[in-house]
Structures are given as structure tokens and as C-alpha cells.
Amino acid sequence: MGHDHDDGRDRCPHGVSRRGFFTAVGAGAIGAATLGRAQAPPGAPAVATGEQVTVKLRVNGRTHRLLVEPRWTLLFVLRERLGLTGTKVGCDRGECGACTVLIDGQPRYACMTLALEAEGHEITTLEGLMRGEELGPVQQAFLEEDAFQCGYCTPGQIMAAEGLLRRTPEPTPAQVREGMSGNLCRCGAYSHILKAVKKASEVRRGAGGEP
Amino acid sequence: MKPPELYFIDGAAPESSAPADAPPPWTETRVVGKAIPRVDAYERVSGTAVYPSDVVLPDMLYGAILRCPHASARVTRLDSAAAERLPGVRAVISGLTKAADVRWYYSRTVFTKLFDPRCRFQGEAVAAVAAETPEQAWDAVRAITVEYEVLPFVVDEREALAAGAPAVHEAGNRVGELERYQRGDVARGFAEADKVVEVSFRTAAEIHTPMELHGCVARWDGPRLTLWESTQGVYPVQQRVAATLEMPLAGVRVIGSYMGGGFGSKLQADKYHVVAAVLARLAARPVKLFLTREETFLCVGNRPPANMRLKAGVKKDGTLTALELTCLGSGGAYPAGGTSLVDWLVRDLYTCPNVRTECTDVYINGGPSRPFRAPGHPQGAWALEQMMDALAAAIGMDPVELRLKNVPAFSQGREGNPPYTTTGLERCLTEGAEAFGWHEARRRPRGSGPVKRGVGVAAGLWVAGGGGPPSTVIVKLFPDGSANLNMGASDIGTGTKTVMAMVVAEELGVPLERIQIENADTGTTEYATASGGSKTVPTESPTVRAAALAVKGQLFDLAAAELKVPATELRIEGEEVASRSDPKARKRIAELEGLRRRGVLVGVGVRGPNPEGKVINPFAAQFCEVEVDTRTGEVRVVRFLSCNDSGRVMNRLTYESQVIGGVTMGIGLALTEQRVFDRQTGKVLSANWHDYKIPTVMDVPPEITSLPIDRPDPAANTTGAKGLGEPVTIPTAATVANAVYDAVGVRVVESPISPMRLAALLAARGTRG
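Quantities reported herein were computed from a predicted structural model and do not represent experimental measurements.

Caption draft 1: Region of the structure containing the domain arrangement of chain A. All names here are of chain A. Domains assigned within chain A are domain 1 (3-128) and domain 2 (129-206). The set of elements that each furnish at least two residues to the side of domain 1 that touches domain 2 consists of strand 4 (100-103) and strand 5 (106-109). Per-element accounting of the side of domain 1 that touches domain 2 gives the leading share, 3 residues, to strand 4. Per-class residue counts for the side of domain 1 that touches domain 2 are 9 nonpolar, 10 polar and 2 charged.

Caption draft 2: Just the interface of chain A and chain B, in detail. Contacts between chain A and chain B engage 48 residues on the former and 51 residues on the latter. Breaking the side of chain A that touches chain B down by element, the ones donating at least two residues are helix 2 (137-145), helix 3 (154-167), helix 4 (173-179) and helix 5 (190-206) of chain A. Per-element accounting of the side of chain A that touches chain B gives the leading share, 5 residues, to helix 5 of chain A.

Caption draft 3: Fine view of the packing of helix 2 of chain A against helix 3 of chain A. All names here are of chain A. Contact geometry of helix 2 with helix 3 gives a least axis separation of 9 Å together with a crossing angle of 130°. If you check the angle between helix 2 and helix 3, you find them oblique. Both helix 2 and helix 3 take part in a crossing whose hand is right-handed. Within the contact between the two elements, helix 2 uses Val138, Gln139 and Phe142 and helix 3 uses Thr154, Ile158, Ala161, Glu162 and Leu165. Here the residues of the contact of helix 2 with helix 3 sort into 5 nonpolar, 2 polar and 1 charged.

Caption draft 4: Just the environment of B:Ile517, in detail. All names here are of chain B. As for its placement among the helices and strands, Ile517 is situated in strand 21 (residues 515-519). Classification of Ile517 as buried rests on a count of 21 C-beta atoms within 10 Å. Remark: the alpha-carbon pair of Ile517 and Ser579, spanning 62 residues in sequence, is separated by 30 Å.

Caption draft 5: Fine view of helix 1 (residues 74-81) of chain A. All names here are of chain A. With 6 of 8 residues buried, helix 1 lies mostly within the body of the structure. Buried within helix 1 we find Leu74, Leu75, Phe76, Val77, Leu78 and Arg79. Buried residues in helix 1 make contact with strand 2 (53-59) and strand 3 (62-68). Looking one or two residues beyond helix 1, the residue adopting positive phi is Gly83, at roughly 70°.

Caption draft 6: Structural context of the pairing of strand 18 (residues 451-461) of chain B. All names here are of chain B. Among the 11 residues that make up strand 18, 9 are buried, leaving the element largely enclosed by the rest of the structure. As judged from the 11 bridges shared by strand 18 and strand 26 (residues 619-629), these two strands associate in the antiparallel manner. Looking at the pairing, Val455 lines up with Glu625 of strand 26.

Caption draft 7: Here's a closer look at the domain arrangement of chain B. All names here are of chain B. The domain boundaries assigned to chain B delineate domain 1 (41-49 + 467-606), domain 2 (52-151 + 218-289) and domain 3 (306-465 + 613-765). Tallying the contact residues gives 16 residues for domain 1 and 20 residues for domain 3. Of all the elements in the fold, those that place two or more residues in the side of domain 1 that touches domain 3 are helix 13 (496-508) and helix 14 (536-563). With 5 residues, helix 14 is the single largest residue contributor to the side of domain 1 that touches domain 3.

Caption draft 8: Broad picture of the packing of helix 16 (residues 652-671) of chain B against helix 17 (residues 732-744) of chain B. Residues and elements named next belong to chain B. One can describe the packing of helix 16 onto helix 17 by two numbers: an axis separation of 7 Å at closest approach and a directional angle of 55°. With respect to helix 17, the element helix 16 is oriented oblique. In the packing of helix 16 onto helix 17, the handedness of the crossing is right-handed. Here Gly662, Val663, Gly666, Ile667, Leu669, Ala670 and Leu671 of helix 16 lie close against helix 17, whose contacting residues are Thr732, Ala733, Val736 and Ala737. A per-class count over the contact of helix 16 with helix 17 returns 8 nonpolar, 3 polar and no charged.

Caption draft 9: Structural context of the nonpolar core. Residues and elements named next belong to chain B. Counting 289 residues, the largest nonpolar core has Val129, Leu279, Val504, Val736 and Val740 as the members making the most contacts within it. No other element matches the 13 residues that helix 14 contributes to this core. Those residues within four positions of Leu279 in sequence are excluded, and the remaining contacts are Gly63, Ala91, Ile93, Ala128, Ala130 and Val287.

Caption draft 10: Region of interest: helix 2 of chain A. Summarising burial for helix 2 of chain A: 8 of the 9 residues are buried, a large majority. Within helix 2 of chain A, the full set of buried residues consists of A:Pro137, A:Val138, A:Gln139, A:Gln140, A:Ala141, A:Phe142, A:Leu143 and A:Glu145. On its buried face, helix 2 of chain A is in contact with helix 3 and helix 5 of chain A together with helix 1 (41-46) of chain B. Downstream of helix 2 of chain A by a residue or two, A:Asp146 has a phi angle that is positive, lying close to 55°.

Caption draft 11: Spotlight on the sheet that holds strand 25 (residues 601-606) of chain B. Residue and element names in this part refer to chain B. The strand order across the open sheet built from 4 strands is 21-20-19-25, with neighbouring strands paired in mixed fashion. Bordering the open sheet on either side are strand 21 and strand 25, each of which pairs with just one other strand. Neighbour to neighbour, the strand axes of the sheet diverge by 15° on average, direction disregarded. Judged from the 5 bridges that link them, strand 20 (residues 483-487) and strand 21 form a sheet pairing that is parallel. Following the sheet pairing, Asn486 is matched in strand 21 by Glu518. Where helix 14 meets the sheet, it contacts strand 19 (472-477), strand 20 and strand 25, and its direction lies at approximately 145° from that of strand 25.

Caption draft 12: Highlighting the sheet that holds strand 22 (residues 570-573) of chain B. Residues and elements named next belong to chain B. Spatial ordering of the open sheet is given by 22-23-24, a layout of 3 strands whose pairing is antiparallel. Strands with a single pairing partner mark the edges of an open sheet, and in this sheet they are strand 22 and strand 24 (586-588). Taken pair by pair, the neighbouring strands of this sheet meet at an average axis angle of 25°, ignoring direction. Bridge analysis of strand 23 (residues 576-579) against strand 24 gives 3 bridges, and the strand direction is antiparallel. Each bridged residue has a counterpart across the sheet, and for Glu576 the counterpart in strand 24 is Arg588. Strand contacts of helix 14: strand 22, strand 23 and strand 24, with the helix running at about 60° to strand 23, the strand carrying the most contacts.

Caption draft 13: A look at the confidence of the model for chain B. All names here are of chain B. The predicted model of chain B has a mean per-residue pLDDT of 96, with 97% of residues at 70 or higher. In the model, residues 1-16 has pLDDT below 50 throughout and makes 33 contacts with residues more than four positions away in sequence or in other chains. ipTM for the predicted complex: 0.96, alongside a pTM of 0.93.

Caption draft 14: Examining unusual backbone geometry more closely. Residue and element names in this part refer to chain B. Of note, the bond from Pro469 into Pro470 is cis; its omega dihedral lies within 30 degrees of zero at 5°. Following the sequence through the fold, Pro470 ends up in the loop between strand 18 and strand 19. In this model, Ser751 is joined to Pro752 through a cis peptide bond whose omega is -5°. Following the sequence through the fold, Pro752 ends up in the loop between helix 17 and helix 18 (755-765). One non-glycine residue, Ser534, lies in positive phi territory at about 50°. Mapped onto the elements of the fold, Ser534 is located in the loop between strand 21 and helix 14. Taking the C-beta count within 10 Å as the criterion, Ser534 has 28 such neighbours and is therefore assigned buried. A positive phi angle, near 55°, is found at Lys564, a position not held by glycine. Mapped onto the elements of the fold, Lys564 is located in the loop between helix 14 and strand 22.

Rules behind the numbers
Residues numbered from 1 in each chain as written. Chains lettered and ligands numbered in written order. Predicted model: local features only at pLDDT ≥ 70, side-chain atom pairs only at ≥ 80, totals over all residues. Domains from an automatic or database assignment. Helix = DSSP H or I, 4+ residues; strand = E, 2+ residues; numbered from the N terminus. Nonpolar A, V, L, I, M, F, W, Y, C, P; charged D, E, K, R; others polar. Contact = placed C-beta atoms within 7 Å. Axes fitted to C-alpha atoms, helices over the stretch in contact; angles between N-to-C directions. Parallel < 35°, antiparallel > 145°, perpendicular 65-115°, else oblique. Left-handed = near helix turned anticlockwise from the far one by under 90°. Buried ≥ 20, exposed ≤ 12 C-beta atoms within 10 Å, placed from the backbone. Pairing = 2+ DSSP bridges. Core = buried A, V, L, I, M, F, W, Y, C linked by C-beta atoms within 7 Å. pLDDT = per-residue confidence, 0-100.

Okay, structure coming up:
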């Protein structure tokens, strides 16, 4: 498996059959399939099982060039190939939001996104919200409000909140609920999550709005 | 009566020796009880916490399990030759593999093979694969050819004893003898009653579905096996895996420092551990084997369905005269406590001289149950607490008053009627009602439009929650005054690590950020039982305190020599050891010469025994308000208050988190959660989070109020804490059901109160809009 870092852009891959569905997180995300810049023509040949193609992924501001099977999800590549295990796997079928990342600033389920589909887009994971060793405002708010218990859904919750606050810096309570509704928490920390999102919104605005 | 057996433990639990003397209870605390964010919060919100499913080892393979697609079948032929030839496949195992020919014990006495040809539920393991990538592993699973003889099945426990029902096991579908309990004379009790009410209730089976999938990473180093495992208890997993593979305990190391939720489904070892270990052995590579989400709905536990017929007698003044419960349940295809503790609240929660219960546990072709957050109790509360509501209505008494009339001071359900160390039931009811505004809310009109409002109350206790031995903990004090806490217990999301660090800080004055914690690793941490049964805080916190005190004693001896004052005169003030009488006799811990020479002070704490002849139980009362849309049957929980007596509040912040979590889970039982079998094929139709609905942020009230009765229980243990995690979810579903009744006058006896069910009931009553 090749793996290096550079900041170049890559051409889009061709001849790849893909799952073709792309799930938006929460109701606030704009439309589905906004990333469909490399639609395979109908009837295009599939890549044989086990065959790998090169992909360049831009994750948290760095470009990674690596070999992937076209069927690999962004979730699998982030966790098992790039070591970015802040993004969690809860269902691998677009139901729980534990794998939520930002793609071009929008919250998306990484389990419903093929790695190839994510090429050419800015991917932000939980690790990308850190400033060095320092927590970002949403992370800090989750810490202070105890907005988690086992902590496994938490990265996805934080990314959903980050995406919500980037497009709606001052959300109403109803907007917060809607924005967080694509993320399950079996420990049931929702009440504290709502508090944390409110607090993060205040902190972000106090700090000038941008993360 | 034998004490209820809550959790399956292989063999006898190890004993720990009792401490020589117990320290007096804390009179006031500086750290314990405060609202403090978790000590591992940074790791959890930054993504640096490594959960077992995050582990990636060099040269690691991925495992996948082929599972039986039928409710009942026999494997007649299996061919894995094609699978073995696929790219990336490194090991394929099945019932034909010698290395996988091991016994799997579903209970102490009932066993099958790891891959047994006879599959008694959908999701039983048939074969497994290890390959270079998960996709290649699943390609291989699909390439294994299996021929099944599909057999007749029964998946509805209510049909399991019918004549002609397919037998899950050759001996029939009864798991064991009827379980009976009796005190007094129920016939006389009913004769003495002014009102007798009889109702049949049912709760649907629930699935735990913790966010982190069940699974592990297995690695061999010669004869030694290491498992990174998402578990509530590393030691029970170690014991079971070692026994199954006939290995010494020292040959199996289980690491589970972080884990993403369990709720009872991760208290024990599973077949997948053995599968991963065998695959890793044969491939001579580490193997990561995490189940898919769909698999977790089939084969790693559930809360059994409960059918409960409850008859109750009451006098006009609210005195209970008799309770009679008949219960039928199923723990699935193997013995798994299908009716375990369903009758406990009927036996023990309220004063009643005449009680009879009878429970029938049957086999069905479903996945085996596992303990699920307060086994049996939410089901029992669904019946008993709705019944209390019905009795109150029958005699025209306020439901809170009726409960207060029947608060016991001792445990009637246990032989000898031992007293509770403390019971906060009365205070939970009265203070909860007061804070909720119960009486005003009851008087408020239900609403003139199609949306009706109602309020409900329910109460509960948890049969356990006192913890107890064995447990061992080590606290180390470094010469700069920082500390290390070493304990075997898992922090399953309840804040165990934080609470224990607070106990160390309380005794040694070490700031929380200067305490390093190692936990849940059989190779390096001390013995603890699994984190379950709401016993972790009452078990571990006195043990941690004992270890910290052992360090403190040595520290004072060193300081006494240097300060030339008696050790008994010393105390810790901030980061100093200081004399109580001489203001000049003080020294920073980090400057103690003796400590520097010793390098580290080591304190060992062991959990002492619980008081004899007394029962340690947590209590709860809950109140809620709902809105019912009579046009659609939709129920919205508007506000919720939980008043809990769990002894001392150890951390006000994580305490509140536990409460809102338990309430949220209980709302799921009340309104949305149910395992659904297809009657024609016996397959589970609700094997994902789309079809099995757990509460989302849209389904819970924005504010769930936690009102603790913060009364330390000095008789229980040396920190005065009782368990919290389970009592918070016991009365919840019944509270919601009672509020629905208050709103629309319809008693929904079967869970969940789905719009379909409620709309039909409303239509039948003609109370629409």
C-alpha cells in the first residue's frame, strides 16, 4: 500500500462502479449526492475484486496518496489505513452517525461514502478539530457538559455539531435537535449533548465565529 | 429461597481477604460529590482514546463469521474449498476444522460445539474466515457453500408450550422447573380486599445495541494470547477463553481499557473470542474480528420478552392485601434466565403480606438473552407500577399516596425479612412529587383539543446495587506527590475512572490531573468482577479508599519521622503533610526525604465484606408529563424527573449523566423498542437501527431532571455509595405508560406504546379527537 503526503490535486478516477448513494446527516445538510463529480457511465466495467487504484485524499489539510480497492469506504480508509480512529464505526450502514466527518464542511456519514468519492474534497475528522494538543470549542463544550458516557458516538456527535454550527452559528433549539438527529447515542446523553451544542455556539461566536 | 443469581461467572469468584479495620465514613468531603468532568474526557473527545475496535496491529487480518440464516436448521454439508482459494484469504474454519473442535458452554451444563451442525437460532456461528481486508473476508464467507436441513421453529414464547410446538431441544421447550415463590395466603388476601384488579401485561424483547460493536483483536505471541476486547469485564472473558481453549489463565491477557457501551451484553465471553483466537493461531497473524451491526441484533443478547398476569387486592385505605403474578418468558434457544427477576418487584417493593409468583421459562428459536440493564426489573415494573396506578384509580386515591402507604422498611422477598441498610423510597416519592409539582400537574385540565396532556409516576428498587468482594486495587504515590491508580474494573461509560480518581484525591490530596489510571487489563491490573449490576462504585470505591489509606499510613509514618511529630497528629492539607496542632510542622509531600528514598509508596486495598443480615438496595421514584396526539397515537414525553436514592452522590455531573441515560433508555422501552420475528420464517425483522428504533435526540425531553437523595449509606460500605446505573431505568417505561393513561384514559398493557397500537386502542374506545 502506497502512502505519502503532498499537496497536489489529482484527476478524478474513471471506470469505477460505486454505491452511488450518499447519505446526508441530519436534515440541515444540503441535498444528497453533492459529490457526484465522477459519476461512472452506466454499464462501466467494475474493477476486479482485490484490484487497487490510487486515490488522493485530502484529510485535515494534508494530502494522502494511497492504494484502495474501489469498494472501500472512506470510513475504512480513515480508520484502518490512515490511523485516524477518532472516526468510529457503529453500523456501517448509514443509521447511527458514529462515523460522521465533514466533507467540504458538511456532515456526512463516512460509512456511506466510498474513499474514491471523497477524492477532490476537503475531509475533516475529529482529529482535524484539534489545534495541536488543544481541544476545539465543540470538543471543549462536550467535555465540560459531560455530553457523553461511553464516548463511542461522541466523535460523530461532535462532527455533526461542528457542521451545524459552521452553517448556523446561532441555531434555535429546534435547529440543534434537527442538526443532531442523525446521530444515535445508546447511553442516552442527548440532554447533555443539547447543552454542549448551545455552549459551543456561544463560545464560537464569542471567539469571532470561525473555528 | 436461594439468592438470585444475577450474572454468569465461570467457576467460583476468587475471594479477597477482608481488611483489618474499616475507616470511619467521611464526615465532609472536598472532592467527592462535586460536579467534575471526567478524567478521561480529553481522550474521549479528542479521539486519542483507543477503543478495542480502533486497534490496528502490524500484519493484522480481518475476520468474519458465517452465520446460520435459519431459525432452526441442521448443517448437512459444508464446502469451503472455493473460499480458501479467493485472494487475500488466510484461514477458513468450520465444524470440520480440528483446531475449532471445542465445546461451547451456553450455560454451566448446556454445551454445543463452537461450530455445531445443529443451529437453534438465526445467527448461530457456522464457519469463519480471516483475510487481508474485511471485504475479502466477506467475499470468502459468501463463497462458503452450506447446505441446511431447515427444521420447524418456534419464535413466539406464547406458543412454545402449545401441543405440537416444534421442540427447540429434544427434552422439550421448558427450561427447567416452574419457579415459584409464596408468602402468606393470597386467597385470603383477595377475600379481604375491597377491590381486586387483574390485568395481563407484556413487554417486548429489547436488544442492547451498544454503539461499539462486539468484537476483539486477537494476537498470539508463542503460547500466549492477547485479546483487545470491548468488554465490561476483562477477567470473566479471560477465565472463559482460557477454559475453552484449555490454556492457563496466565496465557490469556485481555485488555479493555476503553469500551463503547455494553448494558449487560458485554459481561461475558462470546464465541467470537474463540473464533478470533483460532483464526489468528492458524494464520499466524493477528486477527481483528468485530461483528456487523446486524449480527449484534441476533446473537449477543437481548432483554427477554415478558408476559405477566398480575392480580392485586387493595383495601379502601390503600393497604395492599395480596399480589399474584404469573409470568412466562424466554431467554432464547439456550438457558439464559428468560424470566430472571421479573417477579422481584412484586415480591419486594411494597408492603404486602400475601404474595404468590410463578414463572415459566421456555425455549424459543431465538438468540440467547443476556443481562440487560436491571434484568427483569423494568418488565416487572411495567406490570406492578401500572397495577398500582389502576388500584389507586379503583379506590380513588392519589397514586403517590397509595405507594407511600405501602413503603416497607425491610426486604419481604428475602428469607428472614432482613432490613435495608437505608431505604429512600419514601423520600424519593415525596421529594420527587414536590419538585415535579405533582399535585398541581394532576389537577391541570387534560386539554380540550386533540392533544391531551397527562402525568405519571412509578417507583422501583434494584435487587442488588450494594456491590461487595472480591476486588483488589493498588494506589501508588510517586515522590513528586503524583499518583497511580491501578484497578481491574472497566469504565463502561458510567464514569468509574473519574469517581475512583476522586476518591484518591479525597484521601491523598493529589489533584485529579496528577493521577494516572490503569484499568481493565488482566495482564497489569488487579482483580475486579465485571462492571455490571450497578455494583462498580459500591464495590470499587471502598477498595480504592482502602488502597489510598494504606498509602496515607505509610506517608504519615515517613513524615512523622521527618517532622518529629506523632503520625496520628498528621493530616494532608493541599499538597502538604501538616500537623494538626503545630502550625510550623508541615512539609510538601514532594519534599519528603523518606519518600524520595523509597521511590514510590504502594498501597493495596481489598474490598471488605458487606454487613451481615442487611440488604443494600438503591431506590427510585420517577415522574413525567406526556402529550398524546389522539389523532395519530403519537406520544411525546414533555418533561421527566427522576428522584434517586443511591446513597452518596460521588460525582454530581456523572450522576446526572447516568440518570438521563437511564431515563432515555426507558423511554425506548416504553415507546419504540421491540424485537420482531417474522412468523413465517422465524427470522428477525428488526435486525438494524432502522427497523429497531432506539430513542434519538428528537424523542427525549430536552430537560431530564435528576434529583438525588444525597444520603450516604454508612452501613453499606466505607464510601456510603449504592449503585445507580440500573435503578435509573427500572420505573421509566411504567412512568410513561401511567402518564399516557392519565392523558387519554387508555391503559396500554403491551410495550412499546407505538402509534399503531395506541391509535387502535383510542379508536376502540371512541376517544379520538
